[in-house]
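Here's the letter readout for the chains.
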Amino acid sequence: MESTLEVLTTRRSRREAHRQWPDEVKARIVSESLRPGVTVNEVAGSYGLKANHLSSWRTLARQGKLVLPEPEDAVEFVAIVVDAPAPEPQTVKAASRAEIVVGPVTIRLEKGASAARIAAIARALAAAT
């Protein structure tokens, strides 16, 4: 696609300096400013524009009011890293009855054992050790 771009470099009268940019040219300039490693200031300067003017065109493009041309280069893919899923936390089994383990001895209390009963067992174990 070959096209001609007219850039005014001198300021004559206010009326002559005001340039109407065709949408196709705006779109091409905006798409150039979106390339990786390029700044808005660089692109705007190369076309004799102020950066804020080019930024307003970029806003129009984001809003869908300025249609950008298809990219000239091939589609690029981005590599993604997928972490292994985190292991599920160990769930604590809801015990229906309490257990007291001291060394090789396991004491299983009946369901609904009172605090007094558990305290008596704990005192007995403390006295035995």
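Report on the accompanying structure. (Residues numbered from 1 in each chain as written. Predicted model: local features only at pLDDT ≥ 70, side-chain atom pairs only at ≥ 80, totals over all residues. Heavy atoms only, no water.)

**Regarding the pairing of strand E1 (residues 99-102)**
Relative to strand E2 (residues 105-108), E1 runs antiparallel, the two being bridged by four bridges. Note that in E2 the partner of Glu-99 across the bridge is Arg-108. In textbook terms, the turn of a hairpin is the stretch between consecutive antiparallel strands, and for E1 and E2 this stretch comprises two residues, one of which, Gly-103, has a positive phi near 60°. (Pairing = 2+ DSSP bridges. Helix = DSSP H or I, 4+ residues; strand = E, 2+ residues; numbered from the N terminus.)

**Some remarks on the side chain of Ser-33**
Looking at the element boundaries, Ser-33 is found in helix H2 (residues 23-33). A distance of 3.0 Å separates polar atoms of two side chains, one belonging to Ser-33 and the other to Arg-58. (Polar contact = N/O pair within 3.5 Å; in protein donor to acceptor, adjacent residues only side chain to side chain.)

**Overview of a nonpolar patch on the surface**
Taken together, the side chains of Val-78, Ile-80 and Val-82 make up a nonpolar region of the molecular surface, amounting to roughly 380 Å² of accessible area. Secondary-structure assignment places Val-82 in the loop between helix H4 (51-62) and E1. (Patch = residues over 30% accessible without salt bridge, like charges linked within 9 Å, V, L, I, M, F, W, Y side chains within 5 Å. Areas by Shrake-Rupley, 256 points an atom, 1.4 Å probe, with all protein chains shown as cover. Salt bridge = Lys/Arg side-chain N within 4 Å of Asp/Glu carboxyl O.)

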